[in-house]
Amino acid sequence: MKASALLKIIQKDIEGYPIEYLRNKVTDPRYKDPLTKKLAKYNSRVYDEIYSTVITDDFDIKDDVIKKIRNGITFYFNKYSGGEDIQKVFTENISLYLALIAKKPLHPYSENKKYEIYYSNGSYYCKSRVKYIHDENSLCRYCVCKNVGFMDLF
C-alpha cells in the first residue's frame, strides 16, 4: 500500500474521534497524572499533524506490517485495557501514522536525555525499548527509537 493511501485511511478512521476531550485532559485538574497529560498533549498534536501532512514523495508500506501493528494494538487492548472501540481505533491509527509515515516515537519524547524517550543528534532513543521489544506483540519493533547504550542510561 502507498503511504498516501494509508494516510487517507487513517484520516477517515479518526475523523469522528472526540479530540477536544483529549485536548482538555492537558489542563483538566481532574487528571493529576503528568504522564496522562503528556500523552494527551502528544496525541493531540499528532492528530493535528495527521490532517496537515501532505506526502510528496510517496512510498510503499508492506500490508503485512500494517496488519501486524493492528494485531498488536488489538492484543494490547484485549489483554490490558479493554476500553472503548473508539479509543482502540484512535490508538491504532495514531500508531500506524507515527511508526510508518511520520517515523516518530509511539510515545511522547523530549530533547532532554533524562527522559525515558528522547531525541538527540538526529535520532530517537528509548531507555525501555530493550526491555519490551521481545514482549508478545510488542509495538517496539515498529517504533523508530533506538536502544540506549549502557552508558547513556546514567
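Quick caveat: nothing in here was measured; it's all calculated off a predicted structure. (Residues numbered from 1 in each chain as written. Predicted model: local features only at pLDDT ≥ 70, side-chain atom pairs only at ≥ 80, totals over all residues. Heavy atoms only, no water.)

Caption draft 1: Up close: the overall build of the protein chain. Tallying secondary structure elements over the protein chain gives 6 helices and 3 strands in all. Sequence-ordered secondary structure for the protein chain, helices as α and strands as β, is α-α-α-α-α-β-β-α-β. The C-alpha atoms of the protein chain give a radius of gyration of 16 Å, which matches the 15 Å a tight globule of 154 residues would have. Seen through its principal axes, the protein chain has C-alpha atoms that stretch 45 × 40 × 35 Å. For the protein chain, the proportion of its 154 residues judged to be buried stands at 38%. Contacts spanning at least 24 positions in sequence make up 58% of the contacts within the protein chain whose residues lie at least 6 apart. Accessible surface for the protein chain amounts to roughly 9700 Å². Of this, 53% is attributable to carbon and sulfur atoms. For the protein chain, the distance from the average position of its 26 positive side-chain charges to the average position of its 20 negative side-chain charges is 5 Å. (Helix = DSSP H or I, 4+ residues; strand = E, 2+ residues; numbered from the N terminus. Rg over C-alpha atoms; globule rule 2.2 N^0.38 Å. Buried < 20%, exposed > 50% of the residue type's maximum accessible area, 1.4 Å probe, protein only. Contact = heavy atoms within 4.5 Å. Areas by Shrake-Rupley, 256 points an atom, 1.4 Å probe, with all protein chains shown as cover. Lys, Arg positive; Asp, Glu negative; His and termini not counted. Charge placed at Lys NZ, Arg CZ, Asp CG, Glu CD.)

Caption draft 2: Structural context of the packing of helix H1 (residues 3–14) against helix H5 (residues 85–102). Look at H1 against H5: their axes get within 9 Å of each other, and the N-to-C directions meet at 155 degrees. When the axis of H1 is compared with that of H5, the two are roughly antiparallel. Crossing of H1 over H5 shows left-handed handedness. Between H1 and H5, the residues in contact are Ala3, Leu6, Leu7, Ile10, Asp13 and Ile14 and Val89, Phe90, Asn93, Leu96, Tyr97, Leu100 and Ile101, respectively. Tallied by class, residues from the contact of H1 with H5 come to 11 nonpolar, 1 polar and 1 charged. (Axes fitted to C-alpha atoms, helices over the stretch in contact; angles between N-to-C directions. Parallel < 35°, antiparallel > 145°, perpendicular 65-115°, else oblique. Left-handed = near helix turned anticlockwise from the far one by under 90°. Nonpolar A, V, L, I, M, F, W, Y, C, P; charged D, E, K, R; others polar.)

Caption draft 3: Seen up close, the pattern of salt bridges. Counted under the stated rule, the structure contains 8 salt bridges. A salt bridge links Lys88 to Glu92; the nearest nitrogen and oxygen atoms lie 3.1 Å apart. In this pair, Lys88 and Glu92 are both assigned in helix H5, 4 residues apart and thus about one turn of the helix distant. Glu92 gets classed as buried once you look at its relative accessible area, which sits at 7%. Put simply, Glu20, Arg23 and Asp48 are held in one network by salt bridges that share partners. (Salt bridge = Lys/Arg side-chain N within 4 Å of Asp/Glu carboxyl O.)

Caption draft 4: Expanded view of the nonpolar core. Counting 34 residues, the largest nonpolar core has Leu6, Ile50, Phe90, Tyr97, Leu100 and Ile101 as the members making the most contacts within it. Counting only elements with at least two residues in this core, the list comes to H1, helix H2 (19–25), helix H3 (34–52), helix H4 (63–81), H5 and strand S2 (123–126). With 8 residues, the single largest contributor to this core is H5. Those residues in contact with Tyr97 that lie beyond four places of it in its chain are Leu7, Ile10, Val46, Glu49, Ile50, Thr53, Ala102 and Lys103. (Core = buried A, V, L, I, M, F, W, Y, C linked by side-chain atoms within 4.5 Å.)

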